[in-house]
Amino acid sequence: MHRTGELYGQFETLEQQKETAALGMWVFLVTEVLFFGGMFLTYTINRRAFGTAFGICSNTLDIKLGAGNTVVLILSSLTMAMAVWSAQVGKKKLASIFLIATLGLGTVFLGVKAIEYKQKFDHHLIPGRSFDMKYHPAHPMPGDDLEELDKEKQEVDKAFAVDPDINAHGQLYFSLYFGMTGLHALHMIIGAGLLLWLIKASFAGRFTPQYNTPVEVVGLYWHFVDIVWIYLFPLLYLIDRHR
Amino acid sequence: MQSQLPFSPEQASNFAPHVDDLMLFITLICLFFAVAVTAAIIIFFFKYHRKSPNEVGVPIHGDSRLEAAWMIVPLILAMGMFGWGAVVYVDYRHAPPDALDIYVIGKQWMWKAQQPNGLREINELHVPAGRDVRLILASEDVIHDFFVPAFRVKMDVVPGHYNTMWFRPTKPGRYHFFCSQYCGTNHAIMGGWVTVMEPADYAAWLSGSSGAEANPVVAGEKLFAEKACVTCHVPNGTGRAPSLNGVFGAKVLLADGSTVVADEAYIQESILQPNAKIVAGYQPLMPTFQGQLTEEQILALIAYIKSLQSQPVPATGSGIAPTTEKR
Amino acid sequence: MPHEDYLNARYGIRSWLLTTDHKRIALLWLGSVTVFFFIGGLFATMIRIHLLTPTGYLVTPETYNKLFTMHGVAMIFFFLIPSIPAVLGNFLIPLMIGAKDLAFPKLNLLSWYIYMIGGCFVLYSFATGGLDTGWTFYTPLSSIYSNSAVTPAVIGIFINGFSSILTGLNFIVTIHTMRAPGMTWFRLPLFVWAHYATSMIMILGTPVIAITLLLVGLERMFHLGFFNPALGGDPILFQHLFWFYSHPAVYIMILPAMGVISEIIPTFARKPIFGYSFIAGSSIAIAVIGFLVWAHHMFVTGESVYAALTFSFLSYLVAIPSAVKVFNWTSTLYKGSISWDTPMIYAFGFIGLFLIGGLTGLFLACLGLDIHIHDTYFVVAHFHYIMVGGAVMGYVGGLHFWWPKITGRLYPEALARTAAITLFVGFNLTFFPQFILGYLGMPRRYHTYPPEFQVLNVLSTAGASILALGYLLPMLYLTWSMRYGKVAGQNPWPATGLEWKTDSPPPTENFDVTPEVTWEPYDFKNRPDLGLAAGAPSLAPAHGDD
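Counting restarts for each chain, with residues numbered from 1 along the sequence as it is written. The order in which chains are written sets their letters, starting at A; the order in which ligands are written sets their numbers, starting at 1. In keeping with the predicted nature of the model, local features appear solely for residues at pLDDT of at least 70, side-chain atom pairs appear and are counted solely at 80 or more, and the whole-chain, interface and lining totals rest on all residues.

(A) Spatial organisation of the sheet that holds strand S2 (residues 110-114) of chain B. Residue and element names in this part refer to chain B. One open sheet holds the 5 strands; their spatial order is S3-S2-S1-S5-S8, and the pairing between them is mixed. Both outer strands of the open sheet, strand S3 (120-122) and strand S8 (163-167), are each paired with one neighbouring strand and no more. Averaged over all pairs of adjacent strands, the angle between strand axes in this sheet comes to 25 degrees, irrespective of strand direction. Two strands make a pair as long as DSSP finds a minimum of two bridges between them. Per the convention used, a helix needs a DSSP run of H or I reaching at least four residues, while a strand needs a run of E reaching at least two, with both numbered from the N terminus. Bridge count between strand S1 (residues 100-107) and strand S5 (residues 133-139): 7 bridges; the pairing is parallel. When the sheet's bridge partners are listed, Ile102 is paired in S5 with Leu135. To obtain an axis, a line is fitted to C-alpha atoms, over the contacting stretch when the element is a helix, and the angle between two such axes runs from 0 to 180 degrees between their N-to-C directions.

Right, here's the structure in full:
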C-alpha cells in the first residue's frame, strides 16, 4: 500500500502512473464485456428458441424486488461518483461517507439477491433433479397470496400446453439466470471487498486531490457492474410482463 | 476421360473431377508464389551475402506501388479461388429434385442405412451409378461425419439436426467411406464401403430382399395408426388437426401468418415440439412424442407422410397455404 | 560479468518466486513452457510411433484418443499461446520501449501463477483418467458421452485463460503509457506492434472461451442442456462459441513469431525493413479480420450456405495481410548485407514453412475443396506447418537472437546452425507427407488406418525422429552456454533496438538513464554507436564457437 504521492518504481512521473492505472481498468472492463457477452449470446439464442418457457419463468421472479434492487444499485453508482468527486476536491470526510454509503447500498443489493435465491430454492426452481415449475402453484408457502398463486397456476398450465418441455427449457432459463446473476453477484462481492479497502485508506486520509487514483479506478469498476445489472434486469425480469 | 491428379483417390462421383480441378488450380497458383518467393530468398541469400564485417545494406524503406500490387494481385487470385469453390459448394448444398433418398443414421460406432424400399444395410451403402443420390443424415448420439474420399464429399451428422448431402456416382466399384468427425473410442473403425452398381444391378439387388415389412412407408403407416395420429389428422380434413395429404414439400400457413415449407425437418419438429409452429386455424392440442419414438421411427413416419404427397388434398381442413397472392 | 545485473542482483528461491522484475518473470515462464513442451512432445512421440503400423503399434484406442487430445491441450494452451509473448514479450517489451518494467509488474507475476494453477488442474486431469474429447471439446461428446477427466481439464483451461487476459492487458497499457521520450508509435519495433495486435486478440477472445468451457463444465456437472439436443440445446452453438476464440487464438500463436522475424531480418540484412507501416498495419488487420472468420471450421456442419459463403470470403481476405508480410520480408533482403547467423537461418526456415502453411490455408478456405479435405490429415499438416514450422521456429529463432541479451552469453554457432537445419529438414519430412495423406482421404484422429496409407505414415514418423533431434540440440547447448558460452558484449550482432543499448544481461531497472529516442527503427546508416561506420573498428565477433 503506497503512501500518498509515492511513485512506483516502473513509472517516470505520477501523471504516467495515474494514466496507466485508469487505462488498465478500462482495458479490463473491455474483457469483462466479452466475458459476460458469451452468456448474453447464449441467453439471446435460447430466448428466441423457447419464448414460452422463458416468459413463464421470468414471471416467477419478483419484479418489486428486482426493480428495487435496480434503484439501489443506481443510487450506489451515484454515491460512488460522489465519493470520487469528494476525493478529487479534497473533502476527505465526505469521501469516506460516500464510500460507506456505496458499500451499504451494495450490501442491500446482495441481501435482496440472497432472499430471491432462497425463494427460488423453496419453489423448486434450482436447475437439477428437483426442478419443477408446477411445484409452487401446487404448494403454497406461508405469506403467499392464494389468488395470485391460482393465477400463476393457470399461467403455468397454459404454458405446459404450448410447450410440454417447459421443465427442460425452464432449466435453461434458470441456469442462465443463476449463471448471469451469480457472476454479477460475484463481481459485486469483489467490488465490496475493494470498497472496504478504499474505506480503510480513506479513513487514514490517503486520498487527496493529487492522489485519488484508486477511488477513480474502483469507481469505474463499480459503474461497470451497475451497467451489467441494468441489462440483466429487463432481460431476466421483464419478459412478457405486459399482461 | 477424367484426368486424375497424382496422389488422389479414384474419381467416382460427379463432384470428384471438379474438386480435383479446383485442387490443381489452387496448387498451381500457390506453387508459383512459393517458388517465386523461395527463389528470390535463395538468390538474395547468396547474392547479398555479407562481404566485409562492417558492411551495411542499402536502406530502401518501401514502395507503395509495389505494396498495392502485391495486395491487389493476390486478392484477385483469392477471389478466383473463392468463386470457383463457392460454385461447387452451392451445387453440393442443393440436392437436385428427384434424387434417390437414402436415410443414413450414425451412432457410436456404426452406420445404418435404409434404402428407399426399406432394405437396411450396416456399414455398407449400395447406390446406382448415374443417378442422383441424396443422403439424409441423422445421429443417435454424438456428432459424426460421413466421408467418401472417392466421391470427394462429406457432411457432419449432428444430433438434433438433419443434414443432407448428395452426389451422383459415376463409376461402379467399391469405395471406402469413413467417419470423419471424432466421436469417441472407435471413431477410426467406424467406416465401411460404398458399392456403386450399374442401375440394372442395383435394381436387382434392391428387389432381391423381401423389403415389405422393412419398407419405411409401411412401417410409418403402421405407426401412424398405432400412435393414434390418424384420430386427429383425419385425411379428409374433418379432424381436429390438418390433413396430411399433399402437405410434404408444400408451403404451410402458420397461425402467426408466416409460411414454412413442410420438409423433413419441419415434420420432425412437429412430432417432437408440436406447438413450435401451429398451423393457422388450429388449436395447440397435439401432445409431444419426444422420448417416445426412436430416430428410425421418426424417419418411418416422415417416409409415410411423404408418400401422402400424391393423395387428394381436401378443400378445407388442410394446412397448405393458398397459392394466390392476397395483396 | 563484473557488475550487477538482473540475474545476480538477488539470490535465493524467494527472490525468483516473488519477483516483480519482468525479466525474471520471463525466465520463470521459459522454464514452465519448456516443461509443457516436453509433455506435449512426449505425447506426440507416442502418437507417431503408434502410427507406424496400420493396426496400431503401441497403445489401445482409448489411450490413443487421450494422447492426441492431451497433446493438443498441452501444446496449444500451455505452450504455444504463452510462449513468445510470455517469454520474449515479457523480457523485451519494456526494454524495447525504454521503460523500467511493464505497467503492472505484480499483475505480471500473478499471470504466471494463474498459469501454473491452471496447469496443475490440467495435469491432474491427465493423471487421473486423461482427456479424450479432442482439444476442441465438441459437444455432446465432451458434455455427456466422454468418461474421461473433462471437468478438471476445462477448469484448468478456464483458469489459464485469465493468465492470457492479464498478459494482454499489461502489454496494451504498457505500450500506450510507458514509452520513453521520442519513442513514437511509428518508431516502435515491429515486435512491439505484433504484440500489441496479439494482446488485442487476447483480451477480446479469451473471455469467450472461458465462459464457453465453463458452460461445458456446468452442463457436465449439473446435467444442464445448453448443448444437449435432448434438452433443447444445440451442439452447433458450442462450435460457434468455441471457434469464436479458437480461431483468433491461432493468430495469438503466429503474430508474435512474425514480430520476431520482423526483428531478425533487418538485423542480419543490416538495412531497414521494407514497408514498415505495411507490416505494422498488417498485424492489426490480421487481428481484426481474424475475429470474423471462425465458422470456416464449420463448413460441413450444415450451417447456412450464406454463412459459409461469407466466412469463406473473409477467410481469403485474412490471407492478404500475411502475404504482405512475406513479400516485405523478402524485399528487405534485396541489396542487404546478409549474414548467415543462426537467427537468420531460423528466419528463412520460418518464411519457407510459413509460406507452405499459409498457402495451404487457401485450399481449406475454398468451399468446394474443403468438403473433401476437412477433418483429414491435410488440416493436420496445414496447422502444424504454421504452428510448428512458423510459431515454434519463430520462438526458437527469437531465443537465439536475444540469448546474448538475456544471458550475457553466446551459444556455439556451428552447432546452432546445424540444429536449425536439422529442424527444418525433420519438420518437412514429418509433415509434408501428411498433405498427401489428407488428400488421399485419411481422416484425422485415427488410431488405425487402411494399409495403403502406411508408407506415408512411416515417412512422417521418420521425420519426427529427426525433428526431435532438432529440438533437443538447442535445449542442450543453450543450457550449456549459460555457464560456458563466450561472453557477449552489449550488442554482438549489432542490432538497432533500444534493448541493445543496455548491458547484456541488463541491470534490474533496464537502463541507467532513461533513453531519449531520436532515430528511426532499423536505421543502420545513421547509428555511429553501432560501430559500423566505414573505417570504424569492427566489433567483437558475434560467433561464439570455440
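(B) Seen up close, the sheet that holds strand S7 (residues 153-157) of chain B. All names here are of chain B. Sheet architecture is open: 5 strands sit in the order S4-S10-S9-S6-S7, paired in mixed fashion. The open sheet terminates on both sides in strands that have one partner only, identified here as strand S4 (124-128) and S7. The mean inter-strand angle of the sheet, taken between neighbouring strand axes irrespective of direction, is 20 degrees. Of the strands in this sheet, S4 and strand S10 (192-197) touch helix H3 (residues 199-207), which is tilted by about 130 degrees from S4. Residues are scored as being in contact if the C-beta atoms we place from backbone atoms lie within 7 Å.

(C) Representation of the domain arrangement of chain B within the structure. Residues and elements named next belong to chain B. For the domains described, the bounds stem from an automatic or database domain assignment. By domain assignment, chain B separates into domain 1 (100-207) and domain 2 (216-310). Distance between the C-alpha centres of domain 1 and domain 2: 26 Å. Each partner contributes to the interface: domain 1 provides 8 residues, whereas domain 2 provides 7 residues. Contributing elements (two or more residues each) for the side of domain 1 that touches domain 2: S1 and S5.

(D) View of the interface of chain C and chain B. Contacts between the two partners involve 76 residues from chain C and, on the opposite side, 75 residues from chain B. Where the side of chain C that touches chain B is concerned, the elements lending two or more residues are helix H3 (61-97), helix H5 (141-145), helix H8 (235-269), helix H9 (276-290), helix H10 (305-333), helix H11 (342-365), helix H12 (367-373) and helix H14 (413-440) of chain C. The greatest single-element share of the side of chain C that touches chain B, amounting to 14 residues, is contributed by H10(C). In this classification, Asp, Glu, Lys and Arg are treated as charged, Ala, Val, Leu, Ile, Met, Phe, Trp, Tyr, Cys and Pro as nonpolar, and every other residue, Gly included, as polar. Its residues assigned to classes, the side of chain C that touches chain B shows 49 nonpolar, 19 polar and 8 charged.

(E) Representation of the environment of C:Ser315 within the structure. Residues and elements named next belong to chain C. With respect to the helices, strands and loops of the structure, Ser315 is situated in helix H10. With C-beta atoms placed from the backbone, a residue counts as buried when 20 or more other C-beta atoms lie within 10 Å of its own, as exposed when 12 or fewer do, and as partly exposed for counts between those limits. The exposure class assigned to Ser315 is buried, which follows from the 28 C-beta atoms found within 10 Å. Measuring from C-alpha to C-alpha, the distance between Ser315 and Leu362 comes to 8.2 Å, with 47 residues separating the pair along the chain. Residues in contact with Ser315, not counting those within four places in the same chain, are Val293, His296 and Ala365.

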